[in-house]
Amino acid sequence: MEQRMRRATRGRVAALATVGLLLAAGFGAGAAPVQAADTNLVVNGGFEDGLANWFVNNGNASDGAQLSATSDAYAGANAALVTSRTTTGSGPMQDLSGKVQAGQAYTLTARIKYENASGPATKQFFATMHYGGGTYTNLVSVTATKGQWAQFNGTFTIPATQTVSTARLFFETPWTATPSTDPDLHLMDFKLDDVSVVGAAPPAPASKTIEVVGKLPGEHNPLIGHKFGADGFGLVHDGRVYMYMTNDTQGYAPNPATGVSPGINYGDINQITVISSADLVNWTDHGEIQVAGPNGVAPFTANSWAPGITKKVVNGVEKFFLYYANGGGSSNVITGASPLGPWTSERTSTLIDGRTPGAENVAWKFDPAPFVDDDGQPYLYFGGGPASTSMPPAERFNNPKNIRAIELDDTMVATQGTAAVVDAPVAFEAGHVFKRQGRYYFSYSSHFGGNDFGGSQQPLPGYPGGGQIGYLISDNPMSWPKETYAGVLFPNQSQFFGAGTGGNNHQSVFEFEGKYYFTYHAPTLNKRINGNTTQGYRSPHIQELAFNPDGTIQQVVGTYAGVNQVRDFDPYRVFEAETFGWSKGVATTKIDGGSAQFGGTAPNLAVRDIDNGDWTALSSVDFGDNGAQSVTAKVRALAAGGQIQVRLDSATGPVVGTAAVDTPVGQWAEVTAELAGVTGVHDVYFTYTGPAGVDLFEIDTWAFQAATLELPVTVTASARCVGGKVYVAVQARNDGDAPVGIALETAYGERSFAAVAPGANAYQSFNTRAVSVPAGSATVRVTGAIGGQDVTTVRTVQHPAGTCGG
Ligand SMILES: [Ca+2]
Ligand SMILES: [Ca+2]
Ligand SMILES: [Ca+2]
């Protein structure tokens, strides 16, 4: 085995010199024995699912080929055919990252065939691993005879020191720098089938679950404590606030021993996290949108940072447009049928890039923020990064002119006209616009200085310092001269949250039920996990935004307390269990099927990683005067002996109900806890108990059932003979403290009483006109009010048989 640097000719020569050794080691009866627990790590190695899981090696910019399915298979109905190869490395590739492990031995088999008439009589092929960067290792080789299926069959051991976070297997011909000089020898088409890599099963992924309480009971910031989220952008729709965030949790990888993750790598992030709330304290986790990357909604983009969203009716249909930064170089948009999708791409190339008129001198064409004016005209704000070196040196620090405003057309997925400069002082990134009382507010994050901005110049008086949120006020959404600058609306978050929480920021503003709110991020959850050292994993926060009489903004103070809960939580409905005010030790996972609360096309999650001692909680739940009689959970038991305890007001508060999760392991089922004494407004804690050291169960939904309201009444019935006929008598006494209506109903007649006083009786003796009647039932219907609510209580009473004479 030999590492080689693909772009280094010397390394390549060394690699070729070892091929003979590799072949000697890899072939024959001496191959390492296959363990019983070994697993084939290749998916769809026989191409019977077409090209699923396969793509063309793209390790170098010059690599390229066409990959298709062919019925000329070694086995089964399909094989892969690779044509139009541009380099010797251009061949079918499968990603084995996270599957292969350093220090492990694997057996690789595959079938390969080439047929081109002008090719050589025999040809060597390699199975090669790309470990990222310029590190390639030939694993197994075979020399094929033209027109015949040849078999790779060898073993390879990954060196113990090899980094395997990127490990991509592909098939190729021996390297040469200029294969185009003899394409028949170097760039022939070939077919591939029956690929397998057998060895130790993939390691279980390290847990990302956040074990600490990251959002403290009683506090409302950060918004969630079980995952991260940055660059939050608020959208108000149909009585809820939706927050769209850069998925900082995507690359979070805490070391199992130390609990400390490597620093955040923005290049890993191609998902957007969505949460929503109707009260700004209890947030529902809607999971992640796979926006970019090979399996993304917009696979022609690689990253999804800093989302911005708006809604607009297009051709009579309300749609949701989610804009995002494709790294620093461009911006794009995907379209949703609702705030929770489904999501589609109306574009096949990026929305904002080097072709966008007026954006030529913007270094980073990212951070797109949409705004739709009252007249329906949409705008997009974007840009940031280093000041253009073509700018006057005196302006580069204070007026870098690196942010732009541009009109969107009616489709919302294309721009029109030329971008205008937003001359925001000391600007760096994160442009955002909202409108209030006829005026437009542009806010943005300021830069930290340095050579990108002309050296060690000083901000002008009143201009922002580094990493602050400044703002401008204008009468025109496309006109932002420096004279519209209005000040700093939020200092750097480290001023409020202390050591380890500095760095950049990214804000939005939304109006919800008459108040304005300001969103920002701070690595406060990261800080609670790791103390004062943070690794850049950011969490969403919200504060209320207040205005002075002249329309300027009162500077925001960042707090853990956050905003007031807008309304009490309604427990009397089916709601997603992935809704928390606070939580400890749990994670969430997407599960199949739609959401019981948000509809069949919305994503649904379950609460997972529930261990003995973990809990989830809801803030300020209103059970009403009459209270709850039970709560039902949809659960999937993972072990015997788990229990859900319902507590009020703290994780150690009184237990008001318990449900045993004694349903069949592995199956979704409902369990119910009967409740006692649950009335009024309380925080509710679901605390989880069971055997230690195992995942107990998962939870999909909750639903509380209201206590049934009953009007107190005592009913009796009898039968007797009067004058040769049987009479059935029914009596109902009003045991309440207010008048009620009472209706007495029998097979022999009915009678209603409009207002029976407290303690009084409704009584009627019904003549059956028969000398004998069998036993039967009477119905007593009581109507009244409890706590201002109309209530009907229906009671049934048995009367005995009656007879005259005999
Ligand atoms: Ca096959
Ligand atoms: Ca746990
Ligand atoms: Ca759920």
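Look up a bit, the structure's there.
(A) Here's a closer look at the overall build of the protein chain. Helix and strand counts for the protein chain come out as 5 helices and 52 strands. Across its three principal directions, the C-alpha atoms of the protein chain cover 125 × 75 × 50 Å. When each of the 806 residues of the protein chain is scored for burial, the buried share is 53%. At a minimum sequence separation of 6, the contacts of the protein chain that also span at least 24 residues come to 66%.

(B) Geometry of the sheet that holds strand β50 (residues 776-786). Ordered by their spatial adjacency, 4 strands build an open sheet running β47-β46-β50-β51, and the pairing between neighbours is antiparallel. Edge strands, defined here as strands with exactly one partner in the open sheet, are β47 (749-756) and β51 (789-799). Strand-to-strand twist of the sheet, defined as the mean angle between neighbouring strand axes without regard to direction, takes the value 15 degrees. Two strands pair when backbone bridges link them, and strand β46 (residues 740-746) and β50 are joined in this way by 5 bridges, in the antiparallel orientation.

(C) The arrangement of the coordination of the calcium ion (ligand 3) in detail. Ligation of the calcium ion (ligand 3) by protein atoms is provided by E576 (OE), E578 (OE), E578 (OE), N604 (OD1), L605 (O), D700 (O) and D700 (OD), these donors lying 2.1 to 2.6 Å from the ion. Linear spacing of the donor residues for the calcium ion (ligand 3) on their chain is E-x1-E-x25-N-L-x94-D. Here N604 is found in strand β36 (residues 604-608), whereas its partner D700 is found in strand β43 (residues 697-706), with 96 residues between them in sequence. The class for D700 is buried, based on a relative accessible area of 4%.

(D) Region of the structure containing the coordination of the calcium ion (ligand 2). Protein coordination at the calcium ion (ligand 2): the donors are G585 (O), D609 (O), D609 (OD), D611 (OD) and D614 (OD), at 2.2 to 2.8 Å from the metal. Counting residues between consecutive donors of the calcium ion (ligand 2) along the chain gives the motif G-x23-D-x1-D-x2-D. Classification of D609 as buried rests on a relative accessible area of 9%.

(E) Structural view of the environment of V314. With respect to the secondary-structure elements, V314 resides in strand β17 (residues 305-314). Judged by its relative accessible area of 11%, V314 falls in the buried class. Distance in space between the C-alpha atoms of V314 and D194 is 49 Å, their sequence separation being 120 residues. With near-sequence residues (within four places) excluded, V314 lies in contact with K319, F321, D410 and M412.

(F) Geometry of the pairing of strand β23 (residues 403-408). Most of β23 sits inside the fold, with 5 of its 6 residues counted as buried. The pairing of strand β22 (residues 378-383) with β23 spans 5 bridges and is classified as antiparallel. Across the sheet, residue Y379 finds its bridge partner in β23, namely E407. Between β23 and strand β24 (residues 415-422), which pair antiparallel one after the other, the connecting turn spans 6 residues, and M412 there sits at a positive phi close to 75 degrees.

(G) Here's a closer look at unusual backbone geometry. Each neighbour pair has its own omega, and for N221 with P222 the value is -10 degrees, a cis peptide bond. Relative to the elements of secondary structure, P222 occurs in the loop between β12 (190-199) and β13 (230-237). A cis amide bond links G341 with the next residue in sequence, P342, at an omega value of 0 degrees. Counting through the fold element by element, P342 comes out in the loop between β19 (330-336) and β20 (343-344). Its identity is not glycine, yet F47 carries a phi of approximately 60 degrees, on the positive side. By the secondary structure assignment, F47 is in the loop between β2 (39-40) and β3 (55-56). In this structure, D194 takes a positive phi of about 55 degrees despite not being glycine. Topologically, D194 is positioned in strand β12. The partly exposed category is assigned to D194, whose relative accessible area is 30%.

(H) Looking closely at the packing of aromatic side chains. In the structure shown here, the tally under the stated rule is 42 aromatic pairs. On the numbers, 6.4 Å between centres and 10 degrees between planes, the contact of W582 with Y685 is stacked. One end of the pair, W582, is in strand β34 (residues 582-584); the other, Y685, is in strand β42 (residues 681-689), with 103 residues separating them in the sequence. The pair formed by W582 and Y685 is uniform in burial state, with each residue classed as buried.

(I) Seen up close, the side chain of T83. You can see T83 is positioned in strand β5 (residues 79-83). Residue classification places T83 among the buried residues on the basis of a relative accessible area of 17%. When residues no more than four places from it in sequence are discounted, the contact partners of T83 are A65, Q66 and D189.

(J) Quick peek at the environment of A717. Residue position: A717 is located in strand β44 (residues 713-722). Distance from A717 to V164, taken between C-alpha atoms, is 83 Å for residues 553 residues apart in sequence.

(K) Layout of the sheet that holds β13. Overall, antiparallel pairing links the 5 strands, which are arranged β13-β14-β15-β16-β33 in an open sheet. In this open sheet, the two strands that pair with only one neighbour each are β13 and β33 (579-580). Two elements, β13 and strand β14 (residues 240-246), share 6 bridges in a ladder whose sense is antiparallel. Residue pairing in the sheet places L235 in a bridge with Y242 of β14.

(L) Spotlight on the nonpolar core. L108, M129, F152, F156, L169, F171 and V195 are the most contacted members of the largest nonpolar core, which has 37 residues in total. Contributing elements (two or more residues each) for this core: β5, β7 (105-113), β8 (122-130), β9 (135-145), β10 (150-157), β11 (168-172) and β12. Membership of the second largest hydrophobic core comes to 33 residues, among which are F575, F580, I644 and L696.

(M) Representation of the pattern of salt bridges. Within this structure, the stated rule accounts for 22 salt bridges. The residue E115 makes a salt bridge to K113 at a minimum N-O spacing of 3.5 Å. Using a relative accessible area of 39% as the deciding quantity, one classes E115 as partly exposed. E115 is paired through a salt bridge with K191; the nearest N and O atoms lie 2.9 Å apart. Taken as a pair, E115 in the loop between β7 and β8 and K191 in strand β12 lie far apart in primary sequence, 76 residues in all. Through salt bridges with shared partners, a single network forms among D72, K113, E115 and K191.

Rules used throughout
- Residues numbered from 1 in each chain as written.
- Chains lettered and ligands numbered in written order.
- Predicted model: local features only at pLDDT ≥ 70, side-chain atom pairs only at ≥ 80, totals over all residues.
- Heavy atoms only, no water.
- Helix = DSSP H or I, 4+ residues; strand = E, 2+ residues; numbered from the N terminus.
- Buried < 20%, exposed > 50% of the residue type's maximum accessible area, 1.4 Å probe, protein only.
- Contact = heavy atoms within 4.5 Å.
- Pairing = 2+ DSSP bridges.
- Axes fitted to C-alpha atoms, helices over the stretch in contact; angles between N-to-C directions.
- Donors = N, O, S within 2.8 Å, 3.2 Å for Na, K, Ca; no water.
- Phe/Tyr/Trp six-rings, centres within 6.5 Å; stacked < 30°, edge-to-face > 60°.
- Core = buried A, V, L, I, M, F, W, Y, C linked by side-chain atoms within 4.5 Å.
- Salt bridge = Lys/Arg side-chain N within 4 Å of Asp/Glu carboxyl O.

These figures capture arrangement, not role.
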